[in-house]
Amino acid sequence: MSSSTSKEKTDSVEVADEKIAGYERDVSLEDDDDDEKPVFLNGEPVITTGRDVSRFAVDIRDDGDAALTFRSMCLGTLFAAMGATLCQIYLFKPVQMTVSTVFLLLLIYTVGNAWARFLPKRTWVLGTRMEGLAPVFHFINPGPFTLKEHVVASLVASTAAGGSSAVQNFAVQRLYYDTNVEATTAVLATFSTACFGYGLVGLLRPISVYPSEMVYWFNLPTVSVFQALHFDSAANVKRVKLFWTAFTAMFLYEIIPAYMFPILNGINVFCLSSQKASQRTVDVFTNLFGGTDGNEGLGLLSFSFDWQYIGSGYMSLPLIQQANSWIGYMFCYIILMGIYYSNAWNSLAFPMLSTSIFSSNGSVYHQSAVFGTNFQLNETALEFVGLPALTGSNAWSNLTQNLAIGGLIAHVVLFWGPYVKDSFRLAYRREQPDPHYQAMKKYSEAPWWWYVGLLVLSFFAGLVVVFKGQTTLPWWSYIVALILGAFVTPFSTLLFARMGNGVATNQLMKMVAGAINPGRPVANLYFSMWSHDVVSTSIALAGDLKMGQYLKIPPRVMFLTQVWGTILGAVINYVVMISVVDAQREILLSPTGTNVWSGQVPQSLNSAAVTWSLAKELYGFNGPYWTIPMSLVFGMVPTTIQWFIHKRWPKIGPVKVSSIMLPIIYQYSSWMSVGVNSTITSSIIVGLVSQLWLRKYHPGWYKKYNYILGGALDGGAQVMIFVLSFAVFGASGAERPFPNWAGNPAVGNVDYCNGNGALD
């Protein structure tokens, strides 16, 4: 090993404290909203800000090894199928989870090391008669499986999994409109959406990727695992040992709550104690305390022991974000119960929680009679069938999403506006003080025109779909959708990068689509795809670019990696979606679903598309839901007032006024309006243990082990869920339920809150 390499390897996360010398110089150049110096406890930094993460939690080391190799691209392509498959499976689950990159990287790590060890090497033939094959063997097996190869392969796979939300539109058409979208249309549309989002991300790198405060907190467990597996130091031995121990334990454990003992996903003493209560009491208890089955109830004080639904996000998200979300949770319990039992929006006529649309008598809405085979409104049929209705919880969810968007736009402009200007200025001068950005300056940057070219290519791919596909979307409406998505993307990306979560923009896009394409629900779906899905895809791809900066992947390699992953994802996600929809069609059409499968995502997309296509009747000032579009404006007002208070009193007691994130509070105040809700209490406990107790009082342990432990738990759980989905949950068509017993009851809800006809 060369002396320069030895020096790099000593500059690890374990001795990151030595980097403090440059901290005070750099801090003045970055975001001035949080300019405190780092806090130390027993000589260890307390990780609080993005600057702390860059300097103390993520190793700056770069070994300079090759990233783009035949092996890395081959492994990435092979495991893209697995990542995309899992992504689609989770979109049809009652709790929405992302595919952990840790899960994919572990499998790739195992196969990559086996590849390096067992496939022919150049050294095998040097000095022999077959020496002429040495270049071929080196091309296939260049030696030890390196960090950068590992990252590239993993990002190809995770990009294929992440660029798939547009495919849900085709699921909606297949389920609700009996339209089997052609594979060419689906692939081109998905490619167009994802690559347009990626083009936007490339142009926004100065504000969304380069600065230290753009952390993408969900990626930290993944970054920690990558470095622990490849940086061979004495300190990493313990981290790797903890990783494999926790991974194995979670893998073996997850089969218990996920399959054998599902009541462990939501143990609630109120549910268990209500077995002999009156029917009215049982109904109320089910609505408030039930939560293990899809759309059962709000899950108040339920305790979940199923890690697949808890996830490591709460070990990564900053405490400020989680504290704001807890305020939102509190409002959610109160408001949803208040809406239902006050009969607001005629709530008592429908299930308390559902994303389906209903007729006024409580039956599922007969939309095919209203829109017919050409997917356009039949006024005569509408007069006969009547207007569709939303559940109170769904209406409230739509309202809060618009509140959050209004609040987000106001917050970014008022609180973060100066930061945006400074970030562009620093990027133009290549003076961004983030140490990882500075370390990346030795690599050639991906030119701006690459991203502009990608935007142009994706634009014309989408235009082909508009003219040749079954979209009913006018070409000019397609252009409006792209412009709207491009406008919202920087706002949502900034919030996600800094706080770990964005806000749902789907309702805003549906609202605009309904206004310019009235009476066309399918056109509404595609408008949302080219606006909302551009935003969500941009966030995911921006997070990957940040991971590339942390792990020193050359920018041009990152560009090729993500484009290739996007192309793979467009094909694979479509195939998997068809498999699941055809195998589980009846459950996906059910308003409630089961504790294993749920159609809540396509249901929500369809109900929004149908109702917003009737925007004038439902959302006009004379309609029942007029407050929903108006909430976009309402959401801006409190944030504006907050900014004025902040300018006069930056701190009120110990609370910084700018740390109150109203968009996050709005978003979480409807968090339990759909799906499985029994995980909330457990997620709060995980957040408190990790982000308060460990981070504040045991910063050394937190810095070394917190993120890698989270990654290990995610990886173990998701590997088991992948196996169970195809072995027993019916993803391949044949379901094999576990025998019924007290922990897996044959009838009713799993947590024994059996109100609202659960035993019928």
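**A closer look at the pattern of salt bridges**
Reasoning step 1: Here the structure, examined in full by the defined rule, presents seven salt bridges.
Reasoning step 2: A salt bridge links Arg 51 to Glu 213; the nearest nitrogen and oxygen atoms lie 3.7 Å apart. Of this pair, Arg 51 sits in helix α3 (residues 50-57) while Glu 213 sits in the loop between α10 (205-208) and α11 (220-230); the two residues are 162 residues apart in sequence, bridging distant segments of the chain. The residues Arg 51 and Glu 213 share a single accessibility class, namely buried.

**What to know about the nonpolar core**
The nonpolar side chains of a soluble globular protein tend to be buried, and buried together.
Reasoning step 1: Val 53, Phe 170, Tyr 198, Leu 298, Trp 530 and Met 577 are the most contacted members of the largest nonpolar core, which totals 207 residues.
Reasoning step 2: Ignoring sequence-local partners within four residues, the contact set of Leu 298 consists of Asn 287, Leu 288, Gly 290, Tyr 333, Leu 336, Met 337, Met 352, Leu 353, Met 672 and Asn 677.

**Comments concerning the packing of aromatic side chains**
Reasoning step 1: Counted by the stated rule, this structure contains 35 aromatic pairs.
Reasoning step 2: Ring geometry for Phe 285 and Phe 289: centres 5.2 Å apart, planes at 75°, overall edge-to-face. Taken together, the residues Phe 285 and Phe 289, both in helix α14 (residues 279-289) and four residues apart, mark about one turn of the helix.
Reasoning step 3: Of the residues examined, Phe 285 reaches a relative accessible area of 22% and is grouped as partly exposed.
Reasoning step 4: A relative accessible area of 8% means that Phe 289 is categorised as buried.

**Quick word on the side chain of His 532**
Reasoning step 1: Along the chain, His 532 falls in helix α27 (residues 532-551).
Reasoning step 2: Residue class for His 532 comes out buried when judged on its relative accessible area of 17%.
Reasoning step 3: Each residue touching His 532, except ones within four places of it in the same chain, is listed here: Thr 505, Asn 506 and Met 509.

**Re the confidence of the model for the chain**
Reasoning step 1: Here the chain averages 85 in pLDDT, and 92% of its residues register 70 or above.
Reasoning step 2: Between residues 1-35, whose pLDDT stays under 50, and residues either more than four places distant or in other chains, the model counts 69 contacts.

**Here we look at the state of the cysteines**
Reasoning step 1: Here the structure, examined in full by the defined rule, presents one disulfide.
Reasoning step 2: With its sulfur 2.0 Å from that of its partner, Cys 271 forms a disulfide with Cys 753. Disulfide Cys 271 to Cys 753: torsion about the S-S bond roughly -90°, handedness left-handed. With Cys 271 in helix α13 (residues 269-272) and Cys 753 in the segment after α36 (699-727), this pair connects stretches of sequence that are 482 residues apart.
Reasoning step 3: When its relative accessible area of 0% is taken as the criterion, Cys 271 is described as buried.
Reasoning step 4: Residue classification places Cys 753 among the buried positions, given a relative accessible area of 1%.
Reasoning step 5: For the unlinked cysteine Cys 332, the closest cysteine sulfur is that of Cys 271, found at 17 Å.

**Details of helix α23 (residues 448-468)**
Reasoning step 1: If you check α23, its first and last C-alpha atoms are 31 Å apart, about what 21 residues at 1.5 Å a residue would give, namely 30 Å.
Reasoning step 2: Turning to α23, the residues buried within the fold contact α9 (183-203), α10, α24 (475-499) and α28 (555-583).

Conventions and cut-offs
Residues numbered from 1 in each chain as written. Predicted model: local features only at pLDDT ≥ 70, side-chain atom pairs only at ≥ 80, totals over all residues. Heavy atoms only, no water. Salt bridge = Lys/Arg side-chain N within 4 Å of Asp/Glu carboxyl O. Helix = DSSP H or I, 4+ residues; strand = E, 2+ residues; numbered from the N terminus. Buried < 20%, exposed > 50% of the residue type's maximum accessible area, 1.4 Å probe, protein only. Core = buried A, V, L, I, M, F, W, Y, C linked by side-chain atoms within 4.5 Å. Contact = heavy atoms within 4.5 Å. Phe/Tyr/Trp six-rings, centres within 6.5 Å; stacked < 30°, edge-to-face > 60°. pLDDT = per-residue confidence, 0-100. Disulfide = S-S within 2.5 Å. Expected span 1.5 Å × (residues − 1).

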